[in-house]
Amino acid sequence: MRVTTGVINDNFMRNLHNNMKRLDEYNQQLSSGKKFTRPSQNPIGVTTSMGMRNVINANEQYSRNVGMAREWLYNTETVLINQGDILHRVKEQTVYAANESLSQTDRDAIAGEIAELRDEMINLANTKIGDRYLMAGKTTKIADGEEVPFLIRDGDDHVTFNGDNEEIVREIGAGIRIPININGEDNFANTIDTLTALEKVIRTNEEVTVGDLTIENISDGMKVVDEMMDNNLRERAGLGARTNRLELTANRLDEEKLQAIELLSNNEDVDIADAITQLKMQEAVYRASLSIGARIMQPTLVDFLR
């Protein structure tokens with residue numbers, strides 16, 4: 001092949017352009033901190049980064065779900081602890097009321113305290129987190145002016161439950177769902193009716209029926225209170241197990257998120273030290289190209305004929 005001045009100039013310009021392009025690539029990497037900024041620069045790398053970002057986004061959503069679930073369980077556990085304290089006090093007063101030497105005045109005083117404890121039990125049953133009721137199932141919001149989940153209407157001893165028994169679940173992993181609420185009706189409606197009946201039994205010493213519950217005498221009432229206390233302990237144990245599981249899940253999600261972030265960084269973040277070294281080398285190559293170009297484009301005969 002004949003090598004002419006035009007061929008030499010074309011080769012020089014092509015090589016100079018390639019050197020400028022590589023120099024610009026290293027400049028962009030250092031200024032952006034990324035190995036690539038467009039899919040065309042590294043299609044496989046971009047696909048990998050998109051996959052890792054999807055993993056991180058899903059992980060963050062699961063972590064938020066775990067946080068909400070833990071908050072709900074902590075508040076539910078607090079309510080059950082307070083319920084247990086009330087039941088202990090009810091048990092003490094019921095045992096005291098079983099003393100046959102008590103006068104009617106004494107019984108009325110005990111019955112009055114049982115009534116106060118029942119009212120406090122109703123307040124507990126209507127506990128809210130923000131504007132959401134804890135013990136109303138999925139009926140967690142009741143519009144202003146409407147009835148609360150648990151109430152005793154005027155002229156009726158039986159408590160009315162305005163919620164439902166649906167489970168509230170949270171997804172804490174791919175296909176992993178966990179219920180975060182307890183059955184409010186089982187845990188509070190029956191308890192409130194029991195306290196109402198117990199108050200009347202202590203006051204009248206006669207058989208009393210409230211709703212579906214019948215208490216024949218104080219001894220029978222003590223058995224019912226014992227059953228409620230056992231149920232309270234079972235529910236708290238179940239909540240504790242779920243809370244522990246969520247703690248483990250939260251730790252696992254944190255570790256998985258760190259691993260995903262590290263993989264994403266390895267895939268797309270620039271090694272600054274290496275990039276600076278490559279940039280300096282490319283600058284030297286570019287300067288050498290310019291120097292060589294000045295030598296190639298020597299004055300021609302035309303320059304002397306002007």
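Here is what the cut-offs are and how they apply
- Residues numbered from 1 in each chain as written.
- Predicted model: local features only at pLDDT ≥ 70, side-chain atom pairs only at ≥ 80, totals over all residues.
- Heavy atoms only, no water.
- Phe/Tyr/Trp six-rings, centres within 6.5 Å; stacked < 30°, edge-to-face > 60°.
- Helix = DSSP H or I, 4+ residues; strand = E, 2+ residues; numbered from the N terminus.
- 1 Å grid on protein atoms, 1.4 Å probe; cavity = no way out; pocket = protein on both sides within 12 Å on 5 of 7 lines; lining within 4 Å.
- Points joined across faces, edges and corners; volume = space filled by probe spheres on them.
- Nonpolar A, V, L, I, M, F, W, Y, C, P; charged D, E, K, R; others polar.
- Pairing = 2+ DSSP bridges.
- Buried < 20%, exposed > 50% of the residue type's maximum accessible area, 1.4 Å probe, protein only.
- Polar contact = N/O pair within 3.5 Å; in protein donor to acceptor, adjacent residues only side chain to side chain.
- Contact = heavy atoms within 4.5 Å.
- Expected span 1.5 Å × (residues − 1).
- Core = buried A, V, L, I, M, F, W, Y, C linked by side-chain atoms within 4.5 Å.
- Salt bridge = Lys/Arg side-chain N within 4 Å of Asp/Glu carboxyl O.

### Things to note about the packing of aromatic side chains
Geometry of an aromatic ring pair is reported as the spacing of the ring centres plus the angle between the planes.
For step 1, the next point in the chain: Counted under the stated rule, the structure contains 2 aromatic pairs.
For step 2, the next point in the chain: Between the aromatic rings of Phe 150 and Phe 161, the centroid separation amounts to 4.9 Å while the plane-to-plane angle is 40 degrees, which identifies the pairing as tilted. Highlighted residues: Phe 150 in strand S3 (residues 150-151) and Phe 161 in strand S4 (residues 160-161), separated in sequence by 11 residues.
For step 3, the next point in the chain: Members of the aromatic cluster, each reached through a chain of ring pairs, are Phe 150, Phe 161 and Phe 188.

### Examining the layout of surface pockets
For step 1, the next point in the chain: The computed volume of the largest pocket comes to approximately 200 Å³.
For step 2, the next point in the chain: Lining the largest pocket are 13 residues, and of these Glu 25, Gln 28, Gln 29, Lys 35 and Gln 41 lie nearest its centre.
For step 3, the next point in the chain: Considering only residue class, the lining of the largest pocket consists of 1 nonpolar, 6 polar and 6 charged.
For step 4, the next point in the chain: Looking at the second largest pocket, its volume works out to about 180 Å³.
For step 5, the next point in the chain: As for the second largest pocket, its lining consists of 13 residues, and the residues nearest its centre are His 158, Ala 189, Asn 190, Asp 193 and Asp 212.
For step 6, the next point in the chain: Residue assignment for the lining of the second largest pocket shows that the elements contributing at least two residues are S4 and helix H4 (184-204).
For step 7, the next point in the chain: In terms of residues, the lining of the second largest pocket owes the most to one element, H4, which gives 5 residues.
For step 8, the next point in the chain: The residue makeup of the lining of the second largest pocket, split by class, is 5 nonpolar, 4 polar and 4 charged.

### Observations regarding the pairing of strand S6 (residues 176-179)
For step 1, the next point in the chain: Two strands pair when backbone bridges link them, and strand S5 (residues 169-173) and S6 are joined in this way by 4 bridges, in the antiparallel orientation. Bridging across to S6, Val 169 finds its partner in Pro 179.
For step 2, the next point in the chain: Hairpin remark: S5 followed by S6, antiparallel, with 2 residues in the connecting loop; positive phi at Gly 175, about 75 degrees.

### Examining the side chain of Arg 118
For step 1, the next point in the chain: Structurally, Arg 118 can be placed in helix H3 (residues 104-125).
For step 2, the next point in the chain: Taking the relative accessible area as the measure of exposure, Arg 118 reaches 14% and is therefore buried.
For step 3, the next point in the chain: Side-chain polar atoms of Arg 118 contact the side chain of Glu 199, separated by 3.4 Å.
For step 4, the next point in the chain: Ignoring any residue separated from it by four or fewer positions in sequence, one finds Arg 118 in contact with Ile 152, Ile 192, Leu 195, Thr 196 and Glu 199.

### With respect to H4
Think of an α-helix as 3.6 residues a turn; residues three or four steps apart then line up on the same face.
For step 1, the next point in the chain: The end-to-end C-alpha distance of H4 is 30 Å, a good match for the 30 Å that 21 residues give at a rise of 1.5 Å each.
For step 2, the next point in the chain: The N-cap residue of H4 is Asn 183: its side-chain oxygen and the backbone nitrogen of Glu 185 are 3.1 Å apart.
For step 3, the next point in the chain: Immediately downstream of H4, the backbone of Asn 205 shows phi near 60 degrees, a positive value.

### Side note on the environment of Arg 287
For step 1, the next point in the chain: Looking at where Arg 287 falls in the secondary structure, it is placed in helix H6 (residues 272-296).
For step 2, the next point in the chain: Residues Arg 287 and Asn 19, 268 residues apart in the sequence, show an inter-C-alpha distance of 9.5 Å.

### Structural notes on the nonpolar core
For step 1, the next point in the chain: Counting residues in each nonpolar core, the largest one holds 51 residues, and the members touching the most others are Val 90, Phe 150, Phe 188 and Ile 202.
For step 2, the next point in the chain: With 11 residues, helix H2 (residues 43-97) is the single largest residue contributor to this core.
For step 3, the next point in the chain: Every residue in contact with Val 90, bar those within four places of it in the chain, is listed here: Ile 114, Leu 117, Leu 195, Leu 198 and Val 225.

### Brief notes about the pattern of salt bridges
For step 1, the next point in the chain: A complete count under the given rule lists 14 salt bridges for this structure.
For step 2, the next point in the chain: A salt bridge links Glu 247 to Arg 70; its shortest N-O distance comes to 3.1 Å. Of the two residues, Glu 247 sits in helix H5 (residues 218-268) while Arg 70 sits in helix H2, which places them 177 residues apart along the sequence.
For step 3, the next point in the chain: By relative accessible area, which is 22% here, Arg 70 ends up partly exposed.
For step 4, the next point in the chain: A salt bridge links Arg 118 to Asp 119; the nearest nitrogen and oxygen atoms lie 3.2 Å apart.
For step 5, the next point in the chain: The partly exposed category is assigned to Asp 119, whose relative accessible area is 32%.
For step 6, the next point in the chain: The network of salt bridges with shared partners includes Asp 108, Arg 118, Asp 119, Glu 199 and Arg 203.

Just distances and angles here, no functional claims.
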